[in-house]
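Chain and residue survey
Spelled out, the chains give:
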Amino acid sequence: MATDTGKGKVRFFDDFLGDTINLDLYTTNSDSGGTAFAVNIQRNGVIRGGVDTTDNDITNLFGEVQWRPDQSGPLTLEIRATLITSLADGETYIGFSDATTDENPVTLSTADVETSNADNAAGFAYTGAGTVDWKAVSSNATADGTVTRCNVGGATTPAVGTWQTFKIVINEVGDAKFFINGVEHYEEVLAVAASTLLVPAVAIQSGGTARSIDIDYIEVIAGRV
């Protein structure tokens, strides 16, 4: 960590209080028929993105690819979000990825089998037609981590319109801890390759039902080098 300054942490926080998303800070993608992430008129600032009924269509939001766990970690990501309209068949991902490619970084089958589209990722996945609760998922240089149900202290299955706060803390060697609403649910050892640049990522994918997701804020904190 930098010792020449009292500001030893790099902090990014976006509460989405303006009229539009700052596209200097984000990449937004949406397949035909979907709705790209944009400011939604609600109190305290919210953005919303959604998909239509076309199976496998994706809408996603990526920050800047500039965060490395091994650079005076830990690296922390916190996102407050809620699913809107429907919890039916479809996939949702909230966490880190390693690129702004138009993809859902990690998806799960209805039997919780992981498919990693990102080479390096660590986050939370939920499949509407699958099993209950959010799952902690990861990929380290294309090697999938253990899909782990987040149910410490009770269920975490999303409910339409109910906010949940998702937090991931990755240390300098790439181990990741997963928190929902302040409760630690799992730690994956070597979840990601620690020298890889990462990016905040949110993706929603249609399974044949129109669905959307609201994001209240995004925060990233890293050590300054």
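The coordinates are above.
In this text the structure is predicted, and so the values were computed from the model without any measurement.

**Focus on the nonpolar core**
- Formed by 38 residues in total, the largest nonpolar core has its most connected members in Ile215 and Ile218.
- Of all the secondary structure elements, the ones that give two or more residues to this core are strand S4 (46-51), strand S6 (75-84), strand S7 (90-97), strand S10 (121-127), strand S14 (164-170), strand S15 (176-180), strand S17 (199-206) and strand S18 (211-223).
- Excluding residues within four positions of it along the chain, Ile218 makes contact with Phe12, Phe13, Asp14, Phe16, Tyr26, Leu61, Leu77, Glu78, Ile79 and Pro200.
- Phe62, Tyr93, Ala121 and Ala125 belong to the second largest nonpolar core, which has 11 residues in total.

**Some details on the side chain of Asp216**
- Here Asp216 is to be found in strand S18.
- In this structure Asp216 comes out as buried when scored by relative accessible area, which is 9%.
- Separated by 2.8 Å, the side chains of Asp216 and Arg80 make a polar contact.

**A look at the packing of aromatic side chains**
- Scanning all chains against the criterion turns up 8 aromatic pairs.
- Residues Phe12 and Tyr26 carry aromatic rings whose centres are separated by 6.2 Å and whose planes lie at 65 degrees to one another, so their mutual orientation is edge-to-face. Highlighted residues: Phe12 in strand S1 (residues 9-14) and Tyr26 in the loop between S1 and strand S2 (27-30), separated in sequence by 14 residues.
- Residue Tyr26 is classed as buried on the basis of its relative accessible area of 5%.
- Each ring, one from Phe16 and one from Tyr26, has its centre 5.9 Å from the other, and the planes form 40 degrees; the classification is tilted. Of the two residues, Phe16 is situated in the loop between S1 and S2 and Tyr26 in the loop between S1 and S2; the sequence distance between them amounts to 10 residues. Tyr26 matches Phe16 in its accessibility class, with the two residues each being buried.
- Linked through ring pairs, Phe124, Tyr126, Trp134, Phe166, Phe178 and Tyr186 together constitute an aromatic cluster.

Criteria and cut-off values
Residues numbered from 1 in each chain as written. Predicted model: local features only at pLDDT ≥ 70, side-chain atom pairs only at ≥ 80, totals over all residues. Heavy atoms only, no water. Core = buried A, V, L, I, M, F, W, Y, C linked by side-chain atoms within 4.5 Å. Buried < 20%, exposed > 50% of the residue type's maximum accessible area, 1.4 Å probe, protein only. Helix = DSSP H or I, 4+ residues; strand = E, 2+ residues; numbered from the N terminus. Contact = heavy atoms within 4.5 Å. Polar contact = N/O pair within 3.5 Å; in protein donor to acceptor, adjacent residues only side chain to side chain. Phe/Tyr/Trp six-rings, centres within 6.5 Å; stacked < 30°, edge-to-face > 60°.

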